[in-house]
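Commentary on secondary and tertiary structure
Letter by letter, the chains look like this.
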Amino acid sequence: MNKDSIFQNIRVYWLAFIVYWGIVLFGYDTGIGGGVVSQGYFKSHFGLINPDGSANTKKANDVSSNVVSVLQAGAFFGALGSAPLSSAIGRKWSLLLWTIVFAVGAILQTVAGGSRGLGYIYAGRVIAGIGIGAISAVAPAYVSECSPKDVRGRITGLFQIMVAIGVMISYFINLGISLHIKSGPRVWRIPFGFQLVPAGIMAFGLLTVKESPRWLASKNRTEDAIRNLAYLRRLSPDDERIRAEMAEIEAAIEEEREARKGLGLREAFFGKGNFIRFVIAIVIFLLQQWGGQNSVNYYAPQIFQSIGYTGTSNSLLASGIYGIVKVVATALFVFFLVDSLGRKMSLFISAMGMGILFFIIGALLKTHPPPTTPTATPPPASKAMAAMLYLYVCFYSMGWGPLPWVYVSDIFPTRTRHYGLATASASQWLFNFVLSKVTPDLVTDLGYKIFLMFATINIAGMATFSLAIPETKGRSLEEMDIIFGSVSAEQRRADIERQERALEHEINETTSERSIGEKA
């Protein structure tokens with residue numbers, strides 16, 4: 001990784017760091033629900049234990065799936081509602097607004113307990129979900145629009161590192177509580193209240209960053225766009241590279257305006273070269289959700305229990321280690337491999353590795369079922385399965401974790417990018433909702449077969465899909481129109497030259513006006 005490139009783009013990295021605190025929330029919220037519900041005091045306080053003191057598995061599964069899945073339901077609507085607002089008031093201010101919505105939901109979850117029952121947690125999760133869903137749609141668009149093409153994959157890939165960090169923090173907070181706080185409402189108030197920390201960092205951090213130059217250009221605020229682009233690239237507004245990049249942005253926006261003059265949503269979805277992009281965005285997230293990773297993410301404590309890690313602290317510790325492995329593997333991939341391996345090859349290797357490991361875990365679970373009575377240390381077969389899960393998350397982190405977001409951010413043109421990312425994000429949350437609702441019952445009912453099911457989806461679905469999509473590595477956002485057939489390469493070249501001439505003319509006029517003014 002070139003040191004000059006990091007310092008040249010330091011402001012873009014800062015913007016990504018701030019904006020992606022919202023994504024830490026995304027990861028944290030997805031990981032926290034299953035762990036909170038698995039705590040003994042939570043179960044007894046909210047009536048998830050039978051009168052004789054035994055666990056009511058059916059009720060615990062229901063509440064567990066509700067606490068996790070109502071967040072996804074809210075996020076689905078948040079992602080869909082984010083597009084018009086982000087288009088109207090800009091990426092920066094719409095993100096700030098959604099962060100405040102999220103904070104209201106976090107406060108409701110935190111105050112639950114006593115006379116305020118599960119309803120407060122459910123309502124808080126839905127409202128927080130609306131905020132999270134919108135943030136997950138706007139944040140990648142914002143970062144992608146501000147990133148130069150040579151490091152865009154790496155910077156957009158920070159998304160998944162932040163998700164992994166959020167999930168890891170949630171596992172360790174749950175572990176700390178299971179070890180040190182055995183009873184009292186702090187069992188859920190600390191994990192739910194902690195959500196306000198990343199939300200606060202993001203809200204204040206957003207006041208230090210600039211609006212997206214591409215969004216400003218699409219609103220005809222060309223001077224502001226050039227100023228912000230120059231600021232982000234740490235170059236002078238008159239620099240040749242800024243003028244060239246601005247010309248490319250303007251050419252793409254001008255083409256989109258011409259092609260879609262007087263046409264609304266229908267054209268955004270069904271315009272030339274657009275429909276296939278929406279299909280790819282929906283299918284890539286359908287496969288990502290049904291590849292098994294999020295089932296492990298949400299219900300890691302329960303899944304580690306199912307392979308033999310009995311006792312709350314044992315399973316939460318195993319989950320915490322899983323969280324660390326995921327962060328390290330994702331960071332290594334995003335910083336060193338994402339822009340060298342290419343999108344297609346990374347997705348293919350990732351899917352094959354995950355599928356093979358899931359088949360091994362399923363086979364081990366069938367031939368060496370965990371003991372029915374709790375043991376102090378998990379048996380060797382359980383340790384082997386845990387090791388396979390840790391290896392599995394390495395493969396996930398090198399492809400199907402970070403890349404669907406990077407890929408979807410890559411393929412949409414400026415005018416429809418917020419619709420594209422909102423659709424992708426909404427479909428991700430919809431499939432997420434279905435999966436999180438059924439996972440606790442699937443783990444209970446299918447046993448080892450759940451791993452075989454995920455393995456089949458990994459190899460038959462995800463690996464095949466990886467080979468069918470076009471490569472986007474090293475292409476600018478404006479070149480995607482050529483790849484997807486919205487515009488020919490010749491037409492684009494002519495448009496860029498025309499925009500460069502227009503900008504040249506504009507700059508010459510400004511310079512001559514300035515020199516006349518100085519003489520006067």
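Quick caveat: nothing in here was measured; it's all calculated off a predicted structure.

1. A short note on the overall build of the protein
Each helix and strand counted, the protein has 26 helices and 0 strands in total. Taking the principal axes of its C-alpha atoms as reference, the protein extends roughly 90 × 50 × 45 Å. Split into buried and exposed, the 520 residues of the protein put 56% on the buried side. Put simply, of all contacts in the protein between residues at least 6 apart along the chain, 83% involve residues at least 24 apart.

2. Here's the deal with helix α21 (residues 380-397)
For α21, which comprises 18 residues, the first-to-last C-alpha distance of 26 Å matches the rise-based estimate of 26 Å (1.5 Å per residue) to within 8%. If you check which residues of α21 are buried, you get Ala 381, Ser 382, Met 385, Ala 386, Met 388, Leu 389, Tyr 390, Tyr 392, Val 393, Tyr 396 and Ser 397.

3. Quick look at the packing of aromatic side chains
Taken as a whole and assessed by the stated rule, the structure comprises 13 aromatic pairs. By way of ring pairs, the aromatic residues Phe 358, Tyr 392, Phe 451 and Phe 454 are connected into one cluster. The residue whose ring lies beneath Arg 11 is Tyr 231, and the NZ or CZ to ring-centre distance is 4.2 Å. We note Lys 210 situated over the ring of Tyr 231; from NZ or CZ to the ring centre the distance is 5.0 Å.

4. Structural notes on the pattern of salt bridges
Using the criterion set out here, one finds 6 salt bridges in the structure. The salt bridge involving Asp 224 is made with Arg 227; its shortest N-O contact spans 2.9 Å. Of this pair, Asp 224 and Arg 227 both sit in helix α12 (residues 222-233), separated by 3 residues, roughly a single helical turn. For Asp 224, a relative accessible area of 22% gives the class partly exposed. Under the relative-accessibility criterion, Arg 227 is labelled partly exposed at 46%. Between Arg 233 and Glu 245 there is a salt bridge, with the nearest N and O atoms lying 2.7 Å from each other. Taken together, the positions of Arg 233 in helix α12 and Glu 245 in helix α13 (residues 240-259) put the pair 12 residues apart, joining distant regions of the chain. Here Arg 233 falls in the buried class, since its relative accessible area comes to 5%.

5. Regarding the nonpolar core
Core analysis: the biggest nonpolar cluster contains 102 residues, and Val 19, Tyr 20, Ile 23, Leu 206, Phe 358, Tyr 392 and Trp 400 have the highest contact counts within it. A total of 11 residues in this core trace back to one element, the largest contributor, which is helix α7 (residues 118-146). Excluding residues within four positions of it along the chain, Leu 206 makes contact with Ile 18, Val 19, Lys 92, Leu 95, Leu 96, Thr 99 and Tyr 142. The next biggest cluster of nonpolar side chains, apart from the first, holds 18 residues, and it includes Val 37, Val 67, Val 187 and Trp 188.

Analysis parameters
Residues numbered from 1 in each chain as written. Predicted model: local features only at pLDDT ≥ 70, side-chain atom pairs only at ≥ 80, totals over all residues. Heavy atoms only, no water. Helix = DSSP H or I, 4+ residues; strand = E, 2+ residues; numbered from the N terminus. Buried < 20%, exposed > 50% of the residue type's maximum accessible area, 1.4 Å probe, protein only. Contact = heavy atoms within 4.5 Å. Expected span 1.5 Å × (residues − 1). Phe/Tyr/Trp six-rings, centres within 6.5 Å; stacked < 30°, edge-to-face > 60°. Lys NZ or Arg CZ within 6 Å of the ring centre and 35° of its normal. Salt bridge = Lys/Arg side-chain N within 4 Å of Asp/Glu carboxyl O. Core = buried A, V, L, I, M, F, W, Y, C linked by side-chain atoms within 4.5 Å.

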